[in-house]
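Breakdown of the fold
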Amino acid sequence: MTEVFRPQSPAAGDLVAWPDSFGTRFVVFVDTEEEFDWSQPLARENRSVAAVAALPAAHARFAAAGVPLALMADHPIATDPRAIDLIGPLLTGGTSVGTQLHPWVNPPFDEALAPANSFVGNLPRALEEAKLVALTEAITTAFGTRPTAYRAGRYGLGPASFDLLAAHGYRLDSSMRPGFDYGSEGGPDFSALGNHAFRTGGIVELPLTTVFTGVARSAGMTLYRAAGGIPKGRAVLARSGMLQRIPLTPEGIPVREALEAIRVAIGEGVRVLSFAFHSPSLAPGHTPYVKDDAELATFWHWWDRVLAELDRLGATAAGLDDVISAAAAGNVGGPGRT
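Residues numbered from 1 in each chain as written. Predicted model: local features only at pLDDT ≥ 70, side-chain atom pairs only at ≥ 80, totals over all residues. Heavy atoms only, no water.

Moving on, we get to the overall build of the protein. Along its length, the protein carries 10 helices and 11 strands. The globule rule puts the C-alpha radius of gyration for 338 residues at 20 Å, and the 19 Å found for the protein is close to it. If you line up the protein on its principal axes, its C-alpha atoms span 50 × 50 × 45 Å. Burial statistics for the protein: of 338 residues in total, 54% are counted as buried. Long-range contacts, defined here as pairs at least 24 residues apart, represent 75% of the contacts in the protein between residues at least 6 apart. (Helix = DSSP H or I, 4+ residues; strand = E, 2+ residues; numbered from the N terminus. Rg over C-alpha atoms; globule rule 2.2 N^0.38 Å. Buried < 20%, exposed > 50% of the residue type's maximum accessible area, 1.4 Å probe, protein only. Contact = heavy atoms within 4.5 Å.)

Below is the structure:
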């Protein structure tokens, strides 16, 4: 059995100290990928990217609000001529393309198609590198720019991932999801991490913001993990207002809960909030979160409310290049120091 990868909380000296002039910012990541049935096992033949047709209109809607997108493209996207033609013109105004590696649809296919192997960090180092190189080159060819930001599909980092990313010119990773433990599936355990960006292995890690809310939120992951061992324990905590885990995504997270999580994160001094959703959610019928037109309307209402709240709190949008440049300009030593 593969040993679970468990990144530890960073040392204070590894935390990114954003320049004061950078303010409080947020990034919207779009996992730009193929469609597949989320209830079925992963399959190599799932390479349809029809839903990407909805991306230009979505981009225009975000652009009108002054929000660039971080389009994290995987291999089916980067090798589909129509997807390339649709995405290319969007790469302006701070919107940029990054890398998202789904190993089950990313050559070379030298591994068995098994759940543990869906986390690319579990693969032998040479195979993880070969897949990274294949995807990096595909994105560079497709869009005329070499990606410098990365996300592992299924958040599947491993012990070799950061060295490989640095060796191939990457400067930022967004694969870590604080408060989530995928160990039971063979994936990584991010239980020890918080939401502040940090440096590791020559890479800036910008975690996907996840906040514990509720009157017992100071107990955080310890209480949440304990409740997971009790039937319906986490549901009871959430309904009682004691504790709830809220990732910043419109997928499965009611807007009221997201707004509270945003306020908590900013109140805790998180300087760069990280939001994410999957590109197939932009068209009904491709994900569990947007099954019909009504749910698509709810998706956009979520963003209207969230962007208004971010504006009220003084948080402004940032593109990937903004974040990478600001992290390089800031001194090391902890959140808030300059």
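Quick look at the nonpolar core now. One finds F26, F275, W303 and V306 to be the most contacted residues of the largest nonpolar core, which totals 96 residues. It is helix α9 (residues 293-312) that provides the largest number of residues to this core, a total of 8 residues. If near-sequence neighbours (up to four positions away) are discounted, F275 is found in contact with F26, V27, V28, F29, L248, I262, W302, W303, V306 and L310. Core analysis: the second largest hydrophobic core is formed by 6 residues, Y224, A227, L237 and L243 among them. (Core = buried A, V, L, I, M, F, W, Y, C linked by side-chain atoms within 4.5 Å.)

For the rest of this paragraph, the subject is the packing of aromatic side chains. Per the stated rule, a full pass over the model turns up 16 aromatic pairs. Summarising the aromatic geometry, the rings of F180 and Y182 are spaced 6.1 Å apart at their centres and angled 10° between planes, so their arrangement reads as stacked. The same class applies to F180 as to Y182, namely buried. An angle of 80° between the planes, with centres 4.9 Å apart, marks the rings of W302 and W303 as edge-to-face. Each member of the pair, W302 as well as W303, is classed as buried. Here the aromatic residues F26, F62, F275, F277, F299, W300, W302 and W303 are joined through ring pairs into a cluster of three or more. (Phe/Tyr/Trp six-rings, centres within 6.5 Å; stacked < 30°, edge-to-face > 60°.)

A few words now on unusual backbone geometry. Across the junction of P107 and P108, the peptide omega takes the value 0°, indicating a cis bond. Take P108: it is sitting in the loop between β3 (96-101) and α4 (125-143). Positive phi, normally seen in glycine, also occurs at Y155, with a value near 60°. If you trace the backbone, Y155 turns up in the loop between β4 (149-152) and α5 (161-167). The backbone of K232 shows a phi angle near 60°, a positive value even though the residue is not glycine.

Attention shifts here to the packing of helix α6 (residues 220-227) against helix α7 (residues 233-240). Put simply, α6 and α7 touch, their axes get as near as 7 Å, and they point 130° apart. Of the possible angle classes, the one that applies to α6 and α7 is oblique. Counted together, L223, Y224, R225 and A227 of α6 and G233, R234 and L237 of α7 form the full contact between these two elements. Its residues assigned to classes, the contact of α6 with α7 comprises 4 nonpolar, 1 polar and 2 charged. (Axes fitted to C-alpha atoms, helices over the stretch in contact; angles between N-to-C directions. Parallel < 35°, antiparallel > 145°, perpendicular 65-115°, else oblique. Nonpolar A, V, L, I, M, F, W, Y, C, P; charged D, E, K, R; others polar.)

To continue, consider the environment of Y289. Secondary-structure assignment places Y289 in the loop between β10 (272-278) and α9. For Y289, a relative accessible area of 32% corresponds to the partly exposed category. Considered as a pair, Y289 and S274 are 15 residues apart in the sequence and their alpha carbons are 19 Å apart.

What follows concerns the pairing of strand β2 (residues 69-73). Burial analysis of β2 places 5 of its 5 residues in the buried class, the great majority of the element. Taking every second residue as pointing to the same face, both faces of β2 are buried, with L69, L71 and A73 on one and A70 and M72 on the other. Strand direction decides the pairing type here: strand β1 (residues 25-32) and β2, joined by 5 bridges, are parallel. Following the sheet pairing, V28 is matched in β2 by L69. Of the crossover connections in this fold, the one passing from β1 over helix α1 (residues 55-64) to the parallel β2 is right-handed. Pairing of β2 with β3 involves 4 bridges; the strand directions are parallel. Residue L71 lies in a different strand from β3, and its bridge partner there is V97. (Pairing = 2+ DSSP bridges. Right-handed = clockwise from strand over helix to strand, strands pointing away.)

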